[in-house]
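These are the residues of each chain, in order.
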Amino acid sequence: MVKVTVCGAAGGIGQPLSLMFKLNPYVTTLALYDVVNVPGVGKDLSHIDTDTKLESYLPENDGLEKALTGSDLVIIPAGVPRKPGMTRDDLFAINAGIIRDLANGIAQFAPSAFVLVISNPVNSTVPIVAEILKKNNVFNPQKLFGVTTLDCVRANTFVAELSKDKEASAFDTRVLGGHSGETIVPVFSQSAPEVYKELSDEQKAALVHRVQFGGDEVVKAKNGAGSATLSMAYAGYKLGHALLAAINDTPNIIESTFVYLKDSKIKGAAEAFKYINEKLKDSDSSDVDFFALPVVLSSNGIEEIKWDILEKVDAKETELLKIATGQLSKNIAKGTAFIAGN
Ligand code: NAI
């Protein structure tokens, strides 16, 4: 019996994401929540002849409470997306408040749920959720995921385009750091060594840049109509499905996610925190409490953080990680301060 709740279910990401969860055999109840249009989306999906029970809720009549109560996994693609010329950070002013309110709902009505945060800027929205859950004494770092899967998905696709003999599905690229511009650090030296070693320095730099700014290709092509929705829904579903499989005792699943490190009891968290803050960050900036890293999933959620990849990356990637931590510490502090000031 698994209940999944999608917050922002009527949006560009929310609709295809909800469709995919309606098809997932692990999901017994799918609850959709949005501030608009969700009854129509829910009614439409409810006609699909899979066994998953569909519920849809607007805010009125305690909709958020009903959507969240009993939920095992809450996935959040709520908020505004980018338009051309905007960075993910530009979204903070609107999305921070939306995420704060949803996180308060989760703390109250689904305190034990796994929470997957898609809404941007992920580098700041995930710290907001963590702060709210901490304030309510229900924070469990094993259960909070910043969704960076799309960066891995893009990295696989883009490196495959440069490969002579392998398709995208042959790659499983690790992307470290965060989820915006230069905080996104794909580590092809570890994930796709055969292709990587054939590339010139210019080609390597162009490949990394394409992963870091791949979202801009979509924003530009959509020409004002938003950012990635279908590839994002796929990526969010990929992580959600992996987690559902782990909850159902499939062993040794590894996914990358933006995970909380500081004071966390998760295996590898203390080592990751120490390495990032002592070796990759200058001592003046505030702590990098979160980082995208490969994690091993289990029925508890994040069972182990595979931090040793940080020690293995090459010199150029180390340089990129240092640039990432400088920005990340500010992004994280911005999210944390938003709750401290509220
Ligand atoms: P959208 O505008 O199509 O959909 C957002 C939905 O959220 C709308 O249906 C809206 O009514 C709903 N919403 C707004 N306030 C809400 C609230 N308080 N409670 C519940 N729902 C609420 O936007 P789209 O394209 O689906 O993007 C959603 C978010 O995902 C954006 O912040 C975007 O930047 C982010 N995103 C994240 C990616 C990642 O890799 N993590 C990739 C692409 C987008």
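Bear in mind the structure is a predicted one, so any value in this text is a computation, not a measurement.

## Side note on the pairing of strand S2 (residues 29-33)
Consideration 1: A large share of S2 lies buried, amounting to 5 of its 5 residues.
Consideration 2: Along S2, one buried face is formed by Thr29, Ala31 and Tyr33 and the opposite face, lined by Leu30 and Leu32, is buried too.
Consideration 3: In this sheet, S2 lies alongside strand S1 (residues 3-7) in parallel orientation, the contact comprising 5 bridges. Note that in S2 the partner of threonine 5 across the bridge is alanine 31.
Consideration 4: In terms of handedness, the path from S1 via helix H1 (residues 14-22) over to S2 forms a crossover that is right-handed.
Consideration 5: Bridging between S2 and strand S3 (residues 53-57) involves 5 bridges; their strand directions are parallel. Bridge pairing in S3 places leucine 32 opposite serine 56.
Consideration 6: What joins S2 to S3 is helix H2 (residues 38-46), and the crossover it makes is right-handed.

## Section: the pattern of salt bridges
Pairing of side chains with opposite charge becomes possible as their charged atoms draw close.
Consideration 1: Applying the stated criterion across every chain yields a total of 16 salt bridges.
Consideration 2: Of the charged contacts, one joins aspartate 216 and arginine 82 as a salt bridge, the two residues approaching to 2.9 Å between their closest N and O atoms. Of this pair, aspartate 216 sits in helix H10 (residues 214-222) while arginine 82 sits in the loop between strand S4 (73-76) and helix H4 (92-109), and the two are 134 residues apart along the sequence.
Consideration 3: For aspartate 216, a relative accessible area of 33% puts it in the partly exposed group.
Consideration 4: The buried category is assigned to arginine 82, whose relative accessible area is 6%.

## A closer look at the UniProt feature "active site" (unreviewed entry) in the protein chain
Consideration 1: The positions that UniProt labels "active site" (unreviewed entry) are, in the present scheme, His179.
Consideration 2: As for its placement among the helices and strands, histidine 179 is situated in the loop between strand S7 (175-177) and strand S8 (184-186).
Consideration 3: Assessed through its relative accessible area of 6%, histidine 179 is described here as buried.
Consideration 4: The residues touching histidine 179, leaving out its near neighbours within four places in the chain, are Arg88, Asn120, Val122, Asn123, Thr148, Asp151 and Ile184.
Consideration 5: In terms of polar contacts, histidine 179 uses its side chain to reach the side chain of aspartate 151, at 2.8 Å.

## Concerning the confidence of the model for the protein chain
Consideration 1: Mean pLDDT over the protein chain: 96, with 100% of residues reaching 70 or higher.
Consideration 2: Listed scores for the predicted complex are pTM 0.98 and ipTM 0.99.

## Details of the site of the ligand
Consideration 1: Taken together, 29 residues sit near the ligand, with Gly12, Ile13, Asp34, Val80 and His179 positioned nearest.
Consideration 2: Between an oxygen atom of the ligand and a main-chain N or O atom of glycine 12, the distance comes to 2.8 Å.
Consideration 3: Contact distances for the ligand include 3.1 Å between an oxygen atom and a backbone N or O atom of glycine 79.
Consideration 4: Because more than half of its atoms lie within 2 Å of the grid, the ligand is assigned to the largest pocket.
Consideration 5: Per-element tally for the shell around the ligand: the top contributor is H4, with 3 residues.
Consideration 6: Taken together, the residues of the shell around the ligand break down into 18 nonpolar, 10 polar and 1 charged.

## Side note on the nonpolar core
Consideration 1: Counting 99 residues, the largest nonpolar core has Phe21, Leu261, Phe291, Leu293 and Ile305 as the members making the most contacts within it.
Consideration 2: It is helix H11 (residues 230-247) that provides the largest number of residues to this core, a total of 10 residues.
Consideration 3: For leucine 261, the residues in contact, after removing those within four places along its chain, are Ala269, Ala272, Phe273, Ile276, Asp289, Phe290, Phe291, Leu293 and Ile305.

## A few points about the packing of aromatic side chains
Consideration 1: Applying the stated criterion across every chain, the model contains 6 aromatic pairs.
Consideration 2: A ring pair is formed by phenylalanine 21 and tyrosine 237, whose centres lie 5.2 Å apart and whose planes are at 65°; its orientation type is edge-to-face. With a gap of 216 residues between them, phenylalanine 21 in helix H1 and tyrosine 237 in helix H11 connect regions that are remote in the sequence. Note on accessibility: phenylalanine 21 and tyrosine 237 belong to one class, buried.
Consideration 3: Of the aromatic side chains, those joined through ring pairs into one cluster are Phe139, Phe258, Tyr260 and Phe290.
Consideration 4: When the ring centre of phenylalanine 158 is taken as reference, the NZ or CZ atom of arginine 210 above it lies at 3.7 Å.
Consideration 5: Here the basic side chain of lysine 334 rests over the ring of phenylalanine 92, its NZ or CZ set 4.7 Å away from the ring centre.

Procedures and definitions
- Throughout this description, residue numbers start from 1 for each chain and increase along the sequence as written.
- In keeping with the predicted nature of the model, local features appear solely for residues at pLDDT of at least 70, side-chain atom pairs appear and are counted solely at 80 or more, and the whole-chain, interface and lining totals rest on all residues.
- Remark: hydrogens and water are excluded; side-chain values derive from all non-hydrogen atoms of the structure.
- Each residue gets one of three labels from its accessible area relative to the maximum for its type: buried under 20%, exposed over 50%, partly exposed in between, using a 1.4 Å probe on protein chains only.
- Helix and strand assignments follow DSSP, with helices taken as H or I runs no shorter than four residues and strands as E runs no shorter than two, numbered in order from the N terminus.
- Pairing between strands is defined by DSSP: at least two bridges between them are needed.
- Consider the strands pointing away from the viewer: the crossover is right-handed when the path from the first strand over the helix to the second runs clockwise.
- When a carboxyl oxygen of Asp or Glu lies within 4 Å of a side-chain nitrogen of Lys or Arg, that pair is called a salt bridge.
- UniProt positions are given in the numbering used here, feature names are shortened, and annotations may be inferred rather than shown by experiment.
- By definition, residues are in contact when any of their heavy atoms lie within 4.5 Å.
- Polar contacts here mean pairs of N or O atoms no more than 3.5 Å apart (in protein, one a potential hydrogen donor and the other a potential acceptor; neighbouring residues in sequence count only if both atoms are side-chain atoms).
- The predictor reports its confidence for every residue as pLDDT, a score running from 0 up to 100.
- We define proximity as follows: a residue is near a molecule or strand when any one of its heavy atoms falls within 4 Å of that partner.
- Cavities and pockets are found on a 1 Å grid laid over the protein atoms alone: a cavity is a set of points where a 1.4 Å probe fits but cannot escape, a pocket is an open set with protein on both sides within 12 Å along at least five of seven lines, and a lining residue has an atom within 4 Å of such a point.
- Molecule-in-pocket calls rest on the fraction of atoms, with more than half required to lie within 2 Å of the cavity or pocket grid points.
- Only Asp, Glu, Lys and Arg are considered charged in this grouping, and only Ala, Val, Leu, Ile, Met, Phe, Trp, Tyr, Cys and Pro are considered nonpolar; every other residue, Gly among them, is considered polar.
- Here, the term nonpolar core denotes a set of buried Ala, Val, Leu, Ile, Met, Phe, Trp, Tyr and Cys residues that are joined through side-chain atoms within 4.5 Å.
- Two rings from Phe, Tyr or Trp (for Trp, the six-membered ring) form a pair when their centres sit within 6.5 Å of each other. Planes less than 30 degrees apart are called stacked, planes more than 60 degrees apart edge-to-face, and all others tilted.
- The rule for a charge over a ring is simple: NZ of Lys or CZ of Arg within 6 Å of the ring centre, and within 35 degrees of the ring normal.

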